[in-house]
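Chain residues, written in single-letter form:
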Amino acid sequence: MFKMFVLGLKESFPLIFGYIPVAIAFGVAIKSLGLSAQTGTFMSALVFAGSSQFALIELLKQNASLLTMILICLGLNLRHILYSFTLLPFLKELSLGKRYLLGFGLTDEVFAIALARLSCLEGNQRFYWMLGLQLGAYLFWIGGTYLGVVSGQFLVNSWPTIKPGLAFAPTALFFALLIVMLKKEIILPISTVILSTFIFNHFDLSSLAIPGAAIIGPFIGIIGEKTWKKST
Amino acid sequence: MEKIYVAIIFLGLGTYLIRVLPFILGKNSHLDNSTFQVVLKYLGPCLIASLFVSSLSSLDTPINLYCGLKLFFGLGVIFVGNYFFKNIGLSVLMGIICYAGTGVFIRYIFGN
């Protein structure tokens, strides 16, 4: 079983390329808000969800209310319910305690790797392999955040060319997540939301842009879906 | 306690519950019903689209050809990278490098 754990840990190494730069950018963003290394690392250790952590930073900049911050960030993570449902058939024979543990580290990237590998493993092998994979991913994320907060300013001062790249990291992450989720039926609600967010931002109502998107998007999507069904 | 710590604790607990709930409740839970799934289908992508647009305001201002080109190449590389490698992390890294690299290249060619 230890072999399976090590195998999972090894298979988490490709995640370095994705996690470390984003985590460093997150650390730099934390620093730019005047928050401490402890706060940044604490957030990465407890939340372990890049998109909602960046969202929290954006909402803090916009001085959003506490309730708005929590609801929006949790809304962003709701897609993880689908991940857990998808992996459930592979993990349902594990004890509840083991499933409690595996639930913590189910990020986008861990899900993608696990979905491809779990069918080749069986029973308890799946648990130890996933534990290794999640631990690797978790350590890269926390390590990268700490590196970003502690040495982000040094990195930026030493190589000033990376500064715009780090500022671009949240945009890059949100764009990558968006294209992964892009499907024909989502184009209409997404276009509406992009337009509404531009309008909210243009009229200095940026704190309403994201809550507005949470209402407008699904509403347009459901209406569009019903209209499409009626017409066909 | 500061607002940020309260937000982090609630966010951490909420994120964990979201991830673990289907493991506990199983396939036959009410979370699996169609209305919830339909809302979920649209909610995530819409929030991400809105965050994407909001995050653009943190980049260079004012909007001009220089930052437009950087953005175009940065996002273009993410799109192409994701198409070929099917790896979010890697495509984000490629996009970040291209975005920063395009800025350096344009400054080198056209000066400041």
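Since this is a predicted model, take the numbers as computed values, not measurements.

1. As for the overall build of chain B
Within chain B, the secondary structure is distributed over four helices and zero strands. Reading the secondary structure of chain B in the N-to-C direction produces α-α-α-α. Long-range contacts, defined as pairs at least 24 residues apart, comprise 41% of the intrachain contacts of chain B with a sequence gap of at least 6. Carbon and sulfur atoms make up 72% of the accessible area of chain B, which totals about 5,800 Å².

2. Considering the pattern of salt bridges
All names here are of chain A. One pass over the full model with this rule turns up two salt bridges over all chains. One salt bridge connects Arg 117 with Glu 11, and the closest N-O pair in it is separated by 3.0 Å. In this pair, Arg 117 is assigned in helix α8 (residues 108–117) and Glu 11 in helix α1 (residues 2–11), connecting sequence segments 106 residues apart. Judged by relative accessible area, which is 22%, Arg 117 ranks as partly exposed. The class of Glu 11 is partly exposed, set by a relative accessible area of 21%. With a closest N to O distance of 4.0 Å, Glu 58 and Lys 61 form a salt bridge. With Glu 58 and Lys 61 both in helix α4 (residues 50–61), this residue pair falls three residues apart, about one helical turn. A relative accessible area of 4% means that Glu 58 is categorised as buried. Residue Lys 61 is classed as partly exposed on the basis of its relative accessible area of 45%.

3. Topic: the packing of aromatic side chains
Residues and elements named next belong to chain A. Evaluated as defined, the whole model comprises 14 aromatic pairs over all chains. Between Phe 26 and Phe 54, the aromatic rings sit 5.5 Å apart at their centres with planes inclined by 80°, giving edge-to-face as the arrangement. Of this pair, Phe 26 sits in helix α2 (residues 15–32) while Phe 54 sits in helix α4; the two residues are 28 residues apart in sequence, bridging distant segments of the chain. Considered together, Phe 26 and Phe 54 belong to a single accessibility category, that of buried residues.

4. Description of the state of the cysteines
Here is the idea: a disulfide is a covalent bond, and it sits between the sulfur atoms of two cysteines. Residues and elements named next belong to chain B. Taken as a whole, this structure holds zero disulfides over all chains when the rule is applied. Considering cysteine sulfurs only, Cys 67 is the nearest to Cys 98, which forms no disulfide, with 15 Å between them. A relative accessible area of 18% places Cys 98 in the buried class.

5. A few points about the packing of helix α7 (residues 96–104) of chain A against helix α9 (residues 123–158) of chain A
Residue and element names in this part refer to chain A. Axis separation between α7 and α9 bottoms out at 9 Å; the angle between their running directions is 30°. In terms of orientation, α7 and α9 fall into the roughly parallel class. With respect to the hand of their crossing, α7 and α9 are arranged in left-handed fashion. Here α7 contributes Lys 98, Leu 101, Leu 102 and Phe 104 to the contact with α9, which in turn contributes Asn 124, Phe 127, Met 130, Leu 131, Gln 134 and Tyr 138.

6. Describing the nonpolar core
Core analysis: the largest hydrophobic core is formed by 96 residues, its most contacted members being Leu87(A), Leu91(A) and Met130(A). Among the elements that make up this core, the one with the highest residue count is helix α10 (residues 162–181) of chain A (12 residues). Residue contacts for Leu87(A): discarding those within four places in its chain leaves Leu106(A), Phe111(A), Ala114(A), Leu115(A), Leu118(A), Met130(A) and Phe23(B).

7. Section: the interface of chain B and chain A
One frequent convention defines the size of an interface as the accessible area lost when the parts assemble. In this assembly, 65 residues from chain B lie in contact with 90 residues from chain A. Three residues, Arg19(B), Phe23(B) and Tyr42(B), lead the burial of chain B against chain A; their summed loss comes to 13% of the area buried on that side. Applying the counting rule to chain B against chain A returns zero salt bridges. Counting every contact that joins chain B to chain A gives 14 residue pairs in polar contact (both at pLDDT 80 or more). Mapped by element, the contributors of at least two residues to the side of chain B that touches chain A are α1 (3–25), α2 (34–56), α3 (65–85) and α4 (88–110) of chain B. Its residues placed into classes, the side of chain B that touches chain A shows 43 nonpolar, 16 polar and six charged.

8. Describing α7(A)
Looking only at α7(A), the buried set comprises Arg99(A), Leu102(A) and Gly103(A). All buried residues of α7(A) lie within an arc of 110° about the axis, which places them on one face of the element. Where the residues of α7(A) are buried, they touch α6 (79–91) and α9 of chain A together with α1 of chain B.

9. Quick word on helix α11 (residues 187–202) of chain A
Residues and elements named next belong to chain A. Under the 1.5 Å per step criterion, the end-to-end length of α11 is 22 Å for 16 residues, consistent within 8% with the ideal 22 Å. Taken together, the buried positions of α11 are occupied by Pro 189, Ile 190, Val 193, Ser 196 and Thr 197. Down the axis of α11, the buried set is contained in an arc of 130°. They therefore lie on one face. Among the exposed residues of α11, those oriented more than 90 degrees off its buried face are Leu 195 and His 202. Directly beyond the C-terminal end of α11, a positive phi value near 55° is found at Asp 204.

About the cut-offs
Residues numbered from 1 in each chain as written. Chains lettered and ligands numbered in written order. Predicted model: local features only at pLDDT ≥ 70, side-chain atom pairs only at ≥ 80, totals over all residues. Heavy atoms only, no water. Helix = DSSP H or I, 4+ residues; strand = E, 2+ residues; numbered from the N terminus. Contact = heavy atoms within 4.5 Å. Areas by Shrake-Rupley, 256 points an atom, 1.4 Å probe, with all protein chains shown as cover. Salt bridge = Lys/Arg side-chain N within 4 Å of Asp/Glu carboxyl O. Buried < 20%, exposed > 50% of the residue type's maximum accessible area, 1.4 Å probe, protein only. Phe/Tyr/Trp six-rings, centres within 6.5 Å; stacked < 30°, edge-to-face > 60°. Disulfide = S-S within 2.5 Å. Axes fitted to C-alpha atoms, helices over the stretch in contact; angles between N-to-C directions. Parallel < 35°, antiparallel > 145°, perpendicular 65-115°, else oblique. Left-handed = near helix turned anticlockwise from the far one by under 90°. Core = buried A, V, L, I, M, F, W, Y, C linked by side-chain atoms within 4.5 Å. Buried area = accessible area lost by both parts, 1.4 Å probe. Polar contact = N/O pair within 3.5 Å; in protein donor to acceptor, adjacent residues only side chain to side chain. Nonpolar A, V, L, I, M, F, W, Y, C, P; charged D, E, K, R; others polar. Arc of directions from axis to C-beta. Expected span 1.5 Å × (residues − 1).

Everything listed here is a matter of geometry and, on its own, says nothing about what the molecule does.
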